[in-house]
Amino acid sequence: MIPSAEHRRFLQEMKAHTGQDPARCYQCAKCSASCPVTEAMDLLPHQVIRLLQLGFNEKVQASSTPWICATCFTCAARCPRDLDLARIMEGVRLSFLRRRGATRLDPGDIAPELLQKLPQQALVSAFRKHSR
Amino acid sequence: MARIRYRYFPGCTLKTQAQIMEQTALASAEALGIQLEELPRWQCCGAVFPLYEDEAISLLSPVRTLAAAGGEPLVSLCAACHHVLKRAQEAVRRNKEVREKVTDFLQVDYGGEGRVLHFLELLRDDYGFSRLAAEVRRPLAGQKLAPYYGCLLLRPGGVMQFDDPENPETMEEFLAALGADPVSTAYRTECCGAYLSVTRSDVAASTAGRIVEAAAKAGAEALVAACPLCRYNLENSVGSGGPRLPVYYFTELLAEALGVAPGEEVKPG
């Protein structure tokens, strides 16, 4: 499949702003073996990278994986190709969040009793990752 | 030798849920003769480091803090604050475009100067764990404690330079200096679930549950954390049925060993 112009632009921007090029990945899947939250993902981290290589942007956009990623940096620490997958996942999240009005977390979604209990740090982090 | 002054950045959670972390750290620093001076009018570090470097707005706050330290060593207690400040400094040093955009906007002159330290690094590298051991008045003898490092102190290893990211020893050495019996588990560097406790508490319960279970199996009576969100997840996100362990900040144990925990008076040595 020939990647769309939109996808090529996305990959160019990713390279410019993170220094990451998914094309470098050779699919060893060490990231997926290391990731502590794969059980909740619909695509494994190395599968996301493969789809990005092939230009299946819509499948990546529809995936839960970038929103389950907790940016723990374990994948990046172990990648034999020195790819920073946490930055790539951030790119996928931002390509959604930078659309007008897009958000993945509304303050009204958080139960009031949880809101009282959560550390500020959790709230600031979650809103930074899920909204703009 | 002139005493070094450290500028201290508390961060949002240390003024609310994690007040005990700040209280015990400040009492311990005073007992050890370490001068921690809180930065005036500081603001939130941003909690997460922006991984897309055109997100300049998210860098304004940490860079303002770094510049406010005026080249003096800047110390944090919270692993997340330390992570954001350290990586923002690295971004400013490495990326000229980012540096110019952010410092122009803030109207500050900052090129990445100054040491950015976590309090554990200060104790290890500047004060020294052997000197710390000599100051212990109430050794935590026989206490089996499991260090929990989490992600943000260790990774990315090249920027954080805290310890070996796969096999760290700093917290074990710190606990040993306090007289405790550190218990290491393979899960001490695994993610606690971080902010997923807001959006997917089921996932955070699972990640935190594995860490607590590993520590309990290894015979630990408590876990030791360096981040309020790690502590929250380890305490609150443990799935039903799994074991529970108390979680302490490393500063609480420090204050206890030094005999300056809240409610205690320093006894003349």
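Residues numbered from 1 in each chain as written. Chains lettered and ligands numbered in written order. Predicted model: local features only at pLDDT ≥ 70, side-chain atom pairs only at ≥ 80, totals over all residues. Heavy atoms only, no water.

Q: Run through the interface of chain A and chain B, naming residues and quoting values.
A: When the parts come together, some accessible area is lost, and that loss is often what is quoted as the size of the interface. Counting from both sides, the interface comprises 45 residues of chain A and, opposite them, 44 residues of chain B. The contact between chain A and chain B buries some 3,800 Å² in all, and 58% of this surface belongs to carbon and sulfur atoms. Between chain A and chain B we count six salt bridges in total. Two residues, arginine 78 of chain A and glutamate 166 of chain B, come together in a salt bridge whose shortest N-O distance is 2.8 Å. Listed by contribution, the elements that provide at least two residues to the side of chain A that touches chain B are helix H1 (5-18), helix H5 (65-68), helix H6 (74-78), helix H7 (85-97), helix H8 (112-117) and helix H9 (120-130) of chain A. Take the side of chain A that touches chain B: its biggest share by element is 10 residues, from H9 of chain A. (Contact = heavy atoms within 4.5 Å. Buried area = accessible area lost by both parts, 1.4 Å probe. Salt bridge = Lys/Arg side-chain N within 4 Å of Asp/Glu carboxyl O. Helix = DSSP H or I, 4+ residues; strand = E, 2+ residues; numbered from the N terminus.)

Q: Lay out the pattern of salt bridges with the relevant residues and their values.
A: Scanning the model with the defined rule gives 27 salt bridges over all chains in all. A salt bridge links aspartate 21 of chain A to lysine 15 of chain A, with the nearest nitrogen and oxygen atoms 3.6 Å apart. By relative accessible area, aspartate 21 of chain A is classed as partly exposed at 21%. Residue class for lysine 15 of chain A comes out partly exposed when judged on its relative accessible area of 48%. Between lysine 217 of chain B and glutamate 213 of chain B there is a salt bridge, with its nearest N and O atoms 3.7 Å apart. Linking lysine 217 of chain B with glutamate 213 of chain B, this pair stays in helix H10 (residues 201-217), spanning four residues, or about one helical turn. When its relative accessible area of 68% is taken as the criterion, lysine 217 of chain B is described as exposed. By relative accessible area, glutamate 213 of chain B is classed as partly exposed at 36%. (Buried < 20%, exposed > 50% of the residue type's maximum accessible area, 1.4 Å probe, protein only.)

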